[in-house]
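The residues making up each chain are set out below.
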Number of protein chains: 2
Amino acid sequence: MYLKDISNVPDAKTTPVECLLGLLSLGPLTGYQMRQLMQESTANFWRESYGRIYPALQQMQKAGLVEVEALKTSDPRAKGPKARKVYRMTAAGEARLHTWLGVPPRRQGNRNELLLKLFFGDRTKPEVLRAQVQAWQQSYIEDAQRYEEKLVHLEKTCAGEPGLPFWRMTLGYGLQEAIMVVNWCAAILEELQAIGNKN
Amino acid sequence: MYLKDISNVPDAKTTPVECLLGLLSLGPLTGYQMRQLMQESTANFWRESYGRIYPALQQMQKAGLVEVEALKTSDPRAKGPKARKVYRMTAAGEARLHTWLGVPPRRQGNRNELLLKLFFGDRTKPEVLRAQVQAWQQSYIEDAQRYEEKLVHLEKTCAGEPGLPFWRMTLGYGLQEAIMVVNWCAAILEELQAIGNKN
DNA sequence: TAGCACATGTAATAAGTTACATGATTTT
DNA sequence: AAAATCATGTAACTTATTACATGTGCTA
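Residues numbered from 1 in each chain as written. Chains lettered and ligands numbered in written order. Predicted model: local features only at pLDDT ≥ 70, side-chain atom pairs only at ≥ 80, totals over all residues. Heavy atoms only, no water.

Observations regarding the overall build of chain A
The cut-off we apply is this: In this text, helices come from DSSP runs of H or I with a minimum length of four residues, and strands from runs of E with a minimum of two, each type numbered from the N-terminal end. Think of it in three bands: residues with accessible area under 20% of the maximum for their type are buried, residues over 50% are exposed, and the middle band is partly exposed, with areas taken using a 1.4 Å probe on protein chains only.
Broken down by element type, chain A carries seven helices and two strands. Secondary structure elements of chain A occur, N-terminal to C-terminal, as α-α-α-β-β-α-α-α-α. The proportion of buried residues among the 199 residues of chain A is 46%.

And the structure:
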């Protein structure tokens, strides 16, 4: 398999590389652990699958952005083709992360299936849409609750950590977004009710 | 032994097909016009490129969801390999659109580069982040203004259209989201200021 | 010893964009 | 006559997920 050379990429594009480097700035990790960490922390705004993580890690090692920590030779996990690999960021990796943090982020064109259906809403009955909006709203109500719990948990478990204020900011975003969606849904439900009553 | 679920649930996956059918419910259109319409209306929550639209249209014709309107033979655009094709929805297409509208929409895992950078924010200087959040906020301020203008324009140009209430709803979502982001950014800018002052 | 969590990796496929090639029609 | 816009289409490429294959280590 041919591995693309990623050592000299001045490019603004965000690849799995930057997120993995960011996680490694917290300490040495295996690919598996990075995935787990993402699920717990960045899942709401950034995810990577194993199918992207492992190849990326190999490329990063080739490019000198990370290195594999030596395990004691007595550790049986250090041997074989399925050996456990604990990655550590190199100075080059740290530089790359720092550079990336300075590049202005680009907005992503997101898709929203509910809005698409709503846009063509006059092709169906208001009750059909109401059910969908209601389910959508419920999903975000649960989100909002989860975010609130997470915020409380974060303050308890991460007090004093330098990352805390930043983790709080990203959780806050999720919470504000969820609240906004819940309120918007409430307004839509009323409007759909009114449309339904007219017919 | 577990049995595979073979219940005939209509495919929940949203392809270019549904959006194109939705647009065709407004009247016969060329592929080019559908793209243009999307840019003006659904761009904020749904986009398709020509590279997806034209192949999809061919498949839809094959599947009997759309048909090509006959142009008068005197029209020179009706001939040749680059002939203009005006698509019209068939009854099968209308049925497919209607079915799809009844399938609960699924949430999409969106990515947000600003949040990812902010998450690793303690690896750089608060001023660097402030500049980025400021630019982000400005971008959404402009969005909000555009949405407000669009709402006014919509009421003027689409009065009486059956789709109007639904188009208003999707515009309203965009506006609410933009407002939420602007306010969140304002709070983040203050926090970053405070962090910067401590150092 | 069975089952689960940990762990690495590849191949197939799906999803989506971009660049290019072509040509007609309309406007300046 | 040039330029812009309308119009269709394909090929190459990038991006990302999913399913699969494989195996280790811990614990009930």
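Thoughts on the relation of the copies chain B and chain A
We apply this condition: A least-squares fit on C-alpha atoms brings the copies together, and the residues used are those whose pLDDT is at least 70 in both copies. A contact between two residues is defined here by any heavy atoms of the two lying within 4.5 Å.
Relative to chain A, chain B is turned by 180° and slid 0.0 Å along the rotation axis, the superposed coordinates differing by an RMSD of 0.0 Å. The two molecules are tied by a two-fold rotation axis, judged by turn and shift. Across chain B, the rotation axis passes nearest the C-alpha of Asn110 of chain B, at a separation of 3.1 Å. Same-surface contact between copies: 100% of interface residues of chain B are shared with the interface of chain A.

What about the protein's contact with DNA strand D?
To be explicit about the condition: Proximity is defined per residue: any heavy atom of the residue falling within 4 Å of a molecule or strand makes that residue near it. Contacts described as polar in this section are N or O atom pairs within 3.5 Å, which, within protein, must combine one atom able to donate a hydrogen with one able to accept it, while residues neighboring in sequence count only if both atoms come from side chains. Each residue is assigned to one class: nonpolar for Ala, Val, Leu, Ile, Met, Phe, Trp, Tyr, Cys and Pro, charged for Asp, Glu, Lys and Arg, and polar for all the others, Gly among them.
If you check the shell around DNA strand D, you find 21 residues, and the closest are Lys13 and Arg52 of chain A together with Tyr54, Arg84 and Lys85 of chain B. One of the side-chain nitrogen or oxygen atoms of Arg52 of chain A is found 2.6 Å away from a phosphate oxygen of DNA strand D. For DNA strand D, a phosphate oxygen lies 2.4 Å from a polar atom in the side chain of Lys85 of chain B. Taken together, the elements giving at least two residues each to the surface near DNA strand D come down to helix H3 (50-62) of chain A together with helix H2 (31-40) and helix H3 (50-62) of chain B. Residues belonging to the surface near DNA strand D are distributed by class as follows: five nonpolar, eight polar and eight charged.

A short note on the interface of chain B and chain A
Short version of the rule: Summed over both partners, the accessible surface that disappears when two parts come together, traced with a 1.4 Å probe, is what is meant by buried area. We define a salt bridge as a contact between a side-chain nitrogen of Lys or Arg and a carboxyl oxygen of Asp or Glu at a distance within 4 Å.
In this complex, chain B contributes 67 residues to the contact, which on the side of chain A involves 67 residues. Approximately 7,000 Å² of surface area, both sides summed, lies buried where chain B meets chain A, with 64% of it carried by carbon and sulfur atoms. On the chain B side of the contact with chain A, Arg107, Arg111 and Phe119 of chain B bury the most area, a combined 13% of that side's loss. Taken together, the connections running from chain B to chain A amount to eight salt bridges. The salt bridge partner of Arg123 of chain B is Glu94 of chain A, with a shortest N-O separation of 3.1 Å. At the boundary of chain B with chain A, the tally comes to 34 residue pairs in polar contact (both at pLDDT 80 or more). Among the elements of the structure, helix H1 (16-24), helix H4 (91-102), helix H5 (113-119), helix H6 (126-157) and helix H7 (164-198) of chain B are those that each provide at least two residues to the side of chain B that touches chain A.

Remarks on the pattern of salt bridges
Under the counting rule described, the total for this entry stands at 18 salt bridges over all chains. Overlapping salt bridges bring together Glu48 and Arg52 of chain A together with Arg111 of chain B as one network.

Side note on the packing of aromatic side chains
Put simply, the test is: Put simply, two rings from Phe, Tyr or Trp (the six-membered ring, in Trp's case) pair if the centres are within 6.5 Å, and we call them stacked under 30 degrees between planes, edge-to-face over 60, tilted for the rest. Both a distance and an angle decide whether a charge sits over a ring: NZ of Lys or CZ of Arg must be within 6 Å of the ring centre and within 35 degrees of the ring normal.
Under the defined criterion, the tally for this structure stands at 14 aromatic pairs over all chains. Aromatic pair Tyr173 of chain A and Trp184 of chain B: ring centres 4.8 Å apart, planes at 85°, arrangement edge-to-face. Of this pair, Tyr173 of chain A sits in helix H7 (residues 164-198) while Trp184 of chain B sits in helix H7, placing the two residues on different chains. A centroid spacing of 6.0 Å and a plane angle of 10° characterise the contact between Tyr32 of chain B and Tyr50 of chain B, whose relative ring orientation is stacked. Taken together, the positions of Tyr32 of chain B in helix H2 and Tyr50 of chain B in helix H3 put the pair 18 residues apart, joining distant regions of the chain. Tyr50 of chain B gets classed as partly exposed once you look at its relative accessible area, which sits at 30%. One aromatic cluster is present, formed by Phe45 and Trp167 of chain A together with Phe119 and Phe120 of chain B through successive ring pairs. One Lys or Arg, Arg35 of chain A, reaches over the ring of Tyr50 of chain A and ends 5.0 Å from the middle of that ring.

Describing the nonpolar core
Stated formally: As used in this record, nonpolar core signifies buried Ala, Val, Leu, Ile, Met, Phe, Trp, Tyr and Cys residues forming a set joined through side-chain atoms within 4.5 Å.
Ranked by size, the top nonpolar core spans 109 residues in total, and within it Trp184 of chain A together with Met60 and Trp184 of chain B carry the most contacts. Setting aside chain neighbours within four positions, we find Met60 of chain B in contact with Val17, Leu20, Leu21, Leu65 and Val66 of chain B.

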